[in-house]
Amino acid sequence: MASVEECRTALVKLVAQFDEIDEADRAKHVVERTVSCRLSDLDVVFYGRLHHGGLDPFLERAPADGKPADVKLTIGSDDLIALADGRLDLARALFGGRVKIDASFGDLLRLRRLL
């Protein structure tokens, strides 16, 4: 099991990787959404925001408005590290049940085009 600090580092890596996506693709497929990432084995939740400019850094602090996230990701700490390092394919992890995404159908379709 990875530590919370290792997971923070992995999330920073994922934000940087998302920022590398072509700006035109982001503009075409991204709508502003709040995102949560629950680490199932650590019982920790990180929160971020997705928008045309990219993906904001994840924080352990819930949004001030108290609304649930639009896109909820649930993943184990080791799988998060593997995903950030490129050792875990997100599509395979989803189909294998190692990663769960709770989002509207439209959001899932948009995210699929970016991943």
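Right above here is the structure, for reference.
Now for a description of the structure that goes with this document. In this text, all values refer to a predicted model and were calculated from it rather than measured experimentally. (Residues numbered from 1 in each chain as written. Predicted model: local features only at pLDDT ≥ 70, side-chain atom pairs only at ≥ 80, totals over all residues. Heavy atoms only, no water.)

Focus: the nonpolar core
Now for step 1: Among the nonpolar cores identified, the biggest contains 31 residues, and Leu11, Cys37, Leu39, Leu50, Phe58, Ile75 and Leu80 are the most heavily contacted of them.
Now for step 2: Within the residue set of this core, elements represented by two or more residues are helix H1 (4-19), strand S1 (33-39), strand S2 (44-51), strand S4 (71-75), helix H3 (77-85) and helix H4 (90-95).
Now for step 3: The greatest single-element share of this core, amounting to 6 residues, is contributed by H1.
Now for step 4: The contact partners of leucine 50, leaving out residues within four places of it in the chain, are Phe18, Val30, Val31, Glu32, Arg33, Val35, Leu55 and Leu111. (Core = buried A, V, L, I, M, F, W, Y, C linked by side-chain atoms within 4.5 Å. Buried < 20%, exposed > 50% of the residue type's maximum accessible area, 1.4 Å probe, protein only. Helix = DSSP H or I, 4+ residues; strand = E, 2+ residues; numbered from the N terminus. Contact = heavy atoms within 4.5 Å.)

Here's the deal with the pairing of S4
Now for step 1: Burial along S4 is one-sided: Val71, Leu73 and Ile75 are buried, and none of Lys72 and Thr74, which face the opposite way, are.
Now for step 2: Where S1 and S4 come together, 5 bridges link them in parallel fashion. Bridge pairing in S4 places leucine 39 opposite isoleucine 75.
Now for step 3: Pairing of S4 with strand S5 (residues 99-102), which is carried by 4 bridges, proceeds in the antiparallel orientation. Bridged to lysine 72 within S5 is aspartate 102. (Pairing = 2+ DSSP bridges.)

Let's talk about the side chain of serine 36
Now for step 1: Along the chain, serine 36 turns up in strand S1.
Now for step 2: Taking the relative accessible area as the measure of exposure, serine 36 reaches 8% and is therefore buried.
Now for step 3: Ignoring sequence-local partners within four residues, the contact set of serine 36 consists of Val45, Phe46, Tyr47, Ala69, Val71, Lys72 and Leu73.

A look at the sheet that holds strand S3 (residues 54-55)
In any sheet, the strands associate via hydrogen bonds between backbone groups, in a parallel or an antiparallel arrangement.
Now for step 1: Spatially, 5 strands are ordered S3-S2-S1-S4-S5 in an open sheet, and the strand pairing comes out mixed. Edge strands, defined here as strands with exactly one partner in the open sheet, are S3 and S5.
Now for step 2: The pairing of S2 with S3 spans 2 bridges and is antiparallel. Bridged to histidine 51 within S3 is glycine 54.

Regarding the packing of H1 against H3
Now for step 1: The N-to-C vectors of H1 and H3 enclose an angle of 35°; their axes lie 9 Å apart at closest approach. H1 and H3 meet at a crossing whose hand is left-handed. The residues of H3 that touch H1, namely those facing Glu6, Cys7, Ala10, Leu11, Lys13, Leu14 and Gln17, are Ser77, Leu80, Ile81, Leu83, Ala84 and Asp85.
Now for step 2: Of the residues in the contact of H1 with H3, the class split is 8 nonpolar, 2 polar and 3 charged. (Axes fitted to C-alpha atoms, helices over the stretch in contact; angles between N-to-C directions. Left-handed = near helix turned anticlockwise from the far one by under 90°. Nonpolar A, V, L, I, M, F, W, Y, C, P; charged D, E, K, R; others polar.)

Notes on H1
Now for step 1: Across its 16 residues, H1 extends 23 Å between first and last C-alpha, which sits within 8% of the 22 Å expected from 1.5 Å per residue.
Now for step 2: Taken residue by residue, H1 has Cys7, Ala10, Leu11, Leu14, Val15 and Phe18 as its buried positions. The buried residues of H1 occupy one face: seen down the axis, they fall within an arc of 145°. (Expected span 1.5 Å × (residues − 1). Arc of directions from axis to C-beta.)

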